[in-house]
Amino acid sequence: MNASSVRSKPTMLDHLELELRRLPGVVGVGFSDEDGVLVVHVLAAVPEGLAALRRQIVQRTRVFVDRTLVIDLQEVRTRAPEGAERGRVKLVAVRVESFSQEMEVHLAHQGIHSVGRGSAGSPTEAVDATLQALTELGAELSFKVEAAAAPVEDESQQAVIVILEPEDDARGTRYGVAKGETIEEAAARATLHALNRYLSRGAPLSSAS
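Residues numbered from 1 in each chain as written. Predicted model: local features only at pLDDT ≥ 70, side-chain atom pairs only at ≥ 80, totals over all residues. Heavy atoms only, no water.

**Q** Just to check I follow, could you spell out the sheet that holds strand 8 (residues 143-149) for this structure?
**A** In a beta sheet, neighbouring strands are held together by backbone hydrogen bonds and run either parallel or antiparallel to one another. Taken in spatial order, the three strands line up as 8-9-10 in an open sheet, and their pairing is antiparallel. In this open sheet, the two strands that pair with only one neighbour each are strand 8 and strand 10 (174-180). For this sheet, the mean inter-axis angle between neighbouring strands, taken without regard to orientation, is 20 degrees. Relative to strand 10, strand 9 (residues 158-166) runs antiparallel, the two being bridged by seven bridges. Following the sheet pairing, isoleucine 163 is matched in strand 10 by tyrosine 175. (Pairing = 2+ DSSP bridges. Helix = DSSP H or I, 4+ residues; strand = E, 2+ residues; numbered from the N terminus. Axes fitted to C-alpha atoms, helices over the stretch in contact; angles between N-to-C directions.)

Following this line, the structure appears as C-alpha cells:
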C-alpha cells in the first residue's frame, strides 16, 4: 500500500479537518490518497459510541468530498495505563539548529540516552529521527511512515498526526497524535504516542550503552 499526503485541494481539506475536529472526542485528523481513494484518518478518544461518531464523520465528509473515500476511525488512549510510566521511553529534547536547519531528537529509557538526526521543518523527517533514536536505544522496529502531517496550526502549538505501517503482517498499524511547540517536537511526541504501548508490550529495548 503506497499512500501519499493529499493536498491537491488544500482549502477543501482544511475546512473538512476543522469541521471534523469539532466532533466530540476527535483528537486528530489526517488524509492520505491510496490508489485514487481518499482515506480520512480520524483518531478519537471515545470509550463508547464509535459507530455514532463514524456516521457523523461520513455525513460531514460528504459535504466537502464527492469522490470514493474510506473512513479510518481509530480509538486512542489520551492517558497511559496505570503503572505504565516506568518502562516508557521519554522524550528528553528536540533541538533545531537554525543555521544548518538540522534537528536532533533526544530520547531516554531507564538511564540510557540516544539521539536521532534529520532535517528540520518536515514532520516525516522528525518521525524518522525519532525512529532512529529508538533503534539506538535497542528497539526492534519494523515500521515505515505511512503518513505524517501537520494539517492545522494554532497560535501557540503545532499538531501532528502520524501513521506507521508494519513491514510484515505480524503487527498492526500504529497511530499517534500530539502537540508541541514546534512541528519537530509534535512529530516526535506523536511517534512515541504511536509506539510506546507497542514497545512496552512487545519490542524489547536493549540495555546497550
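Picking up where we left off.
**Q** Where do I start with the sheet that holds strand 5 (residues 90-97) in this structure?
**A** Strand order in the open sheet formed by three strands is 5-6-7, with antiparallel pairing between adjacent strands. Each end of this open sheet is capped by a strand with a single partner; those strands are strand 5 and strand 7 (112-119). Adjacent strand axes in the sheet meet at a mean angle of 20 degrees, parallel and antiparallel pairs treated alike. In the packing of helix 3 (residues 123-137) onto the sheet, the strands contacted are strand 6 (102-109) and strand 7, and the crossing angle to strand 7 comes to about 150 degrees. (Contact = heavy atoms within 4.5 Å.)

**Q** Sorry if this is basic, but what is going on with the nonpolar core here?
**A** Buried together is how nonpolar side chains tend to be arranged in soluble globular proteins. With 30 residues, the main nonpolar core has Leu107, Leu134 and Leu195 as its most contacted residues. Residue assignment for this core shows that the elements contributing at least two residues are strand 6, helix 3, strand 8, strand 9 and helix 4 (183-201). In terms of residues, this core owes the most to one element, helix 4, which gives ten residues. If near-sequence neighbours (up to four positions away) are discounted, leucine 195 is found in contact with Leu131, Leu134, Leu141, Phe143, Leu164 and Arg174. (Core = buried A, V, L, I, M, F, W, Y, C linked by side-chain atoms within 4.5 Å. Buried < 20%, exposed > 50% of the residue type's maximum accessible area, 1.4 Å probe, protein only.)

These figures come from the coordinates and say nothing about function on their own.
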